[in-house]
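# Secondary and tertiary structure notes
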Amino acid sequence: MATAAALVSSLSVPLLSALLGAAIALVFLAGYLRRKRAVIAHVPPSAAAAAPDQPNQSRPSNQPKKGHQRSHHHAADKDAAKKHHHLDVNTLRGHTDSVTALHFSADGCNLATVCADGAVRVFRIDDASSKSFKILRINLPAGAHPTAIAFSEGVSSVVVAAQALLGSSLYMYADVSAPPTGGNKQQGKLSPPEIKWEHRKIHGKESVLNLVAARATYGTGDASTILISCSEATDIKVWHGKSGKELGTVDTNQLKNNMADISPNGRFIAAAAFTADVKVWEIVYSKDSSVKEVNKAMQLKGHKSAVTCLCFAPNSEQIITASKDGTIRVWNINVRYHLDEDPKTLRVLAIPLHDSKGSVCLYDHMSISPDGKVLATTSGSTLQWLCVETGAILDTAEKAHEGM
């Protein structure tokens, strides 16, 4: 007994505390395991599969997560809300900043855009309602901010106007037509097109308002592409689309330009500028199809205030103008101006778009349908379609673009 008492007394208090704590922990663990087995035994298999506190339970691979479902439905609802007009067919995505200009190719299957992010994008549009499109992206030289674009030589090339610190430049890129959407998807990534020609400081330090292209089919023209660049000052320059050669320059002498257009047959140039009169020039072609000169042909007199925009009819014999005086005029320019025959006003139509105060809205851009029957116009973020014959409103889309 003395020996046992000596042994017990030799044990330290910390060791006894550790042994006692371990025994208590084992008792509690055993009780917990018995209760857990009992709970699991009474849970139905379907409930066990749906239990959120099972750490090893995996969601079937074909079952989307609830958060993903909510995100998908939210995106779908947002897209549906954006399609607020029955003529809204689709939205081309990919731009990271505001689109500054765009142009459809002659066949209507390619759309070229320029963006404030400094890139040119060519979309292949075989089906306008498609969910995805082939896109060719071209990055402009550093420091170049694109302001205008036009297809040249059919769909094979584009000419881009860009503004930089030292002035405006023109860049011509060839082989830009995006591949058909049904083409071989296994082909590698297309290499970006190279600059075929360029011109610097084409309008001094002034920027280019718009670029327009036409095929020289009038007279002895050889159907090559003729381009015009309209500056925000008073000059307009004529270019050969393929070679980039400058063919002529005209001056509106009207303080500042609003925009310019070239007739579809490459014969006439018309400018909307600061005054109420529209000046028209004729491109004269030589027997060898080259451009001989650009001569002033006529003036369209009748508006009482500045002309904001204009366009040629598909037959190149009429011009449609919109003015700050609140009217649209349709002009016949198929006259013998060499014999001092004046162009004639065929129709005067009232601009039918008004703001909330009842004031007439000004049109910024206009374009006519290939059959010459429908005039498409823009005023800020509002689109409007008019009957060319009567001026009647065919349709209106308000707030067509966000952020405008």
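Residues numbered from 1 in each chain as written. Predicted model: local features only at pLDDT ≥ 70, side-chain atom pairs only at ≥ 80, totals over all residues. Heavy atoms only, no water.

## Here we look at the overall build of the protein
Applied cut-off: Secondary structure counts use DSSP, requiring at least four H or I residues in a row for a helix and at least two E residues in a row for a strand, with both numbered from the N terminus. Accessibility here uses a 1.4 Å probe with only protein chains present; expressed as a share of the type maximum, an area under 20% marks a residue as buried, one over 50% as exposed, and anything in between as partly exposed. Two residues form a contact once any of their heavy atoms are found within 4.5 Å. Surface exposure here means Shrake-Rupley accessible area, sampled with a 1.4 Å probe, where a residue is shielded only by the protein chains that are shown.
Assigned secondary structure in the protein consists of 4 helices and 25 strands. Scored against the burial criterion, the 404 residues of the protein give a buried share of 39%. Within the protein, residue pairs in contact and separated by at least 24 positions form 43% of the contacts whose partners lie at least 6 positions apart. Approximately 23200 Å² of the protein is accessible, and the part contributed by carbon and sulfur atoms is 56%.

## Comments concerning the side chain of His303
The following threshold applies: Counting of polar contacts relies on pairs of N or O atoms within 3.5 Å, with two restrictions inside protein: one atom must be capable of donating a hydrogen and the other of accepting it, and residues adjacent in sequence are counted only when both atoms are side-chain atoms.
Along the polypeptide, His303 turns up in the loop between strand 17 (291-300) and strand 18 (307-312). In this structure the side chain of His303 is engaged in a polar contact, spanning 2.7 Å, whose partner is the side chain of Thr321. Once residues lying within four places of it in the same chain are set aside, the contact partners of His303 are Ala276, Thr321, Ser323, Asp325, Thr327, Arg329 and Trp331.

## Considering the sheet that holds strand 2 (residues 110-115)
What counts, and what does not: Two strands are counted as paired when DSSP detects at least two bridges linking them. Between the N-to-C directions of two axes lies an angle of 0 to 180 degrees, each axis being a line fitted to C-alpha atoms and, for a helix, fitted only over the stretch in contact.
Taken together, the 4 strands give an open sheet; going across it, the order is 1-2-3-4, and neighbouring strands pair in antiparallel fashion. Across the chains shown, the open sheet's two edge strands, defined by having one partner strand only, are strand 1 (99-104) and strand 4 (134-139). When strand polarity is set aside, the average angle formed by the axes of neighbouring strands in this sheet is 20°. Alignment of strand 1 against strand 2, held across 5 bridges, turns out to be antiparallel. Residue pairing for strand 2: Ala101 is matched across the bridge by Val114.

## A word on the UniProt feature "repeat: WD" (unreviewed entry) in the protein
Keep this limit in mind: UniProt positions are given in the numbering used here, feature names are shortened, and annotations may be inferred rather than shown by experiment.
If you check UniProt for "repeat: WD" (unreviewed entry), the listed places come out as residues 92-133 and 300-334 in our numbering. Annotation note: span residues 300-334, helix share 0%, strand share 54%, distance between end C-alpha atoms 12 Å.

## Focus on empty space enclosed by the protein
Selection rule: Points on a 1 Å grid over protein atoms alone make up a cavity when a 1.4 Å probe fits among them but cannot get out, and a pocket when they form an open set with protein on both sides within 12 Å along at least five of seven lines; lining residues each have an atom within 4 Å of a point. Grid points are joined across faces, edges and corners, and a volume is the space filled by probe spheres set on the points.
All told, the structure shown has 1 cavity of 30 Å³ or more when counted by the stated rule. Computed from the structure, the largest cavity encloses a volume of approximately 40 Å³. Around the largest cavity, the lining residues are Ile320, Ile328, Val330, Leu349, Leu375, Leu386, Cys387, Val388 and Gly391. For the lining of the largest cavity, the secondary structure elements donating two or more residues are strand 20 (327-332) and strand 24 (382-387).

## A closer look at unusual backbone geometry
We note that Leu255 has phi near 75°; this positive angle belongs to a residue other than glycine. Within the secondary structure layout, Leu255 lies in the loop between strand 13 (246-251) and strand 14 (257-262). Take Leu255: its relative accessible area is 62%, and that puts it in the exposed class. You will see that Ser316, though not glycine, has its phi angle at about 65°, which is positive.

## Observations concerning the pattern of salt bridges
To keep it simple, the criterion reads: For this analysis, a salt bridge means a side-chain nitrogen from Lys or Arg found within 4 Å of a carboxyl oxygen belonging to Asp or Glu.
Tallying each qualifying case throughout the model produces 9 salt bridges. Here Glu198 makes a salt bridge to Arg200, at a shortest N to O gap of 2.9 Å. Glu198 gets classed as partly exposed once you look at its relative accessible area, which sits at 35%. According to the relative accessible area criterion, Arg200 is exposed, its value standing at 54%. Note that Arg267 is salt-bridged to Glu282, the shortest N-O span being 2.9 Å. Residue Arg267 is located in the loop between strand 14 and strand 15 (268-273), and its partner Glu282 is located in strand 16 (residues 278-285); the two are separated by 15 residues in the primary sequence.

## Concerning the pairing of strand 12 (residues 235-240)
With respect to burial, strand 12 is a largely interior element, 6 of its 6 residues being buried. Burial along strand 12 is two-sided: Asp235, Lys237 and Trp239 facing one way and Ile236, Val238 and His240 facing the other are all buried. Where strand 11 (residues 225-231) meets strand 12, 5 bridges bridge the pair, whose relative direction is antiparallel. Of the residues in strand 12, the one forming a bridge with Ser229 is Lys237.

## Quick word on the sheet that holds strand 17
Taken in spatial order, the 4 strands of this open sheet run 14-15-16-17, and their pairing is antiparallel. Edge positions in the sheet fall to strand 14 and strand 17, since each has one partner strand and no second. This sheet shows a mean twist of 20° between the axes of neighbouring strands, independent of strand direction. As defined by bridge partners, strand 14 adjoins strand 15 across 5 bridges and the pair is classed as antiparallel. From the neighbouring strand, Ile262 faces strand 15, where its bridge partner is Ile269.

## What to know about the side chain of Ser369
The topology assignment puts Ser369 in the loop between strand 22 (365-368) and strand 23 (374-379). Polar contacts involving the side chain of Ser369 include one to the main-chain amide nitrogen of Lys373, which spans 3.3 Å. Discounting residues that sit within four places of it in the chain, Ser369 has contacts with Pro314 and Val374.

## Some thoughts on the environment of Ala313
Inspection of the secondary structure assignment puts Ala313 in the loop between strand 18 and strand 19 (318-323). Aside from chain neighbours lying at most four places away, what touches Ala313 is Pro264, Gln318 and Ile368.

## Some details on the confidence of the model for the protein
Under the convention used in this document: pLDDT measures how confident the predictor is about each residue, on a scale from 0 to 100.
Per-residue confidence for the protein averages 82 on the pLDDT scale, and 75% of its residues sit at or above 70. In this model, residues 1-8 is a region of pLDDT below 50 whose contacts with residues beyond four sequence positions or in other chains number 0 contacts. Segment residues 183-188: pLDDT under 50, and 2 contacts once partners within four positions in sequence are set aside and those in other chains are kept.

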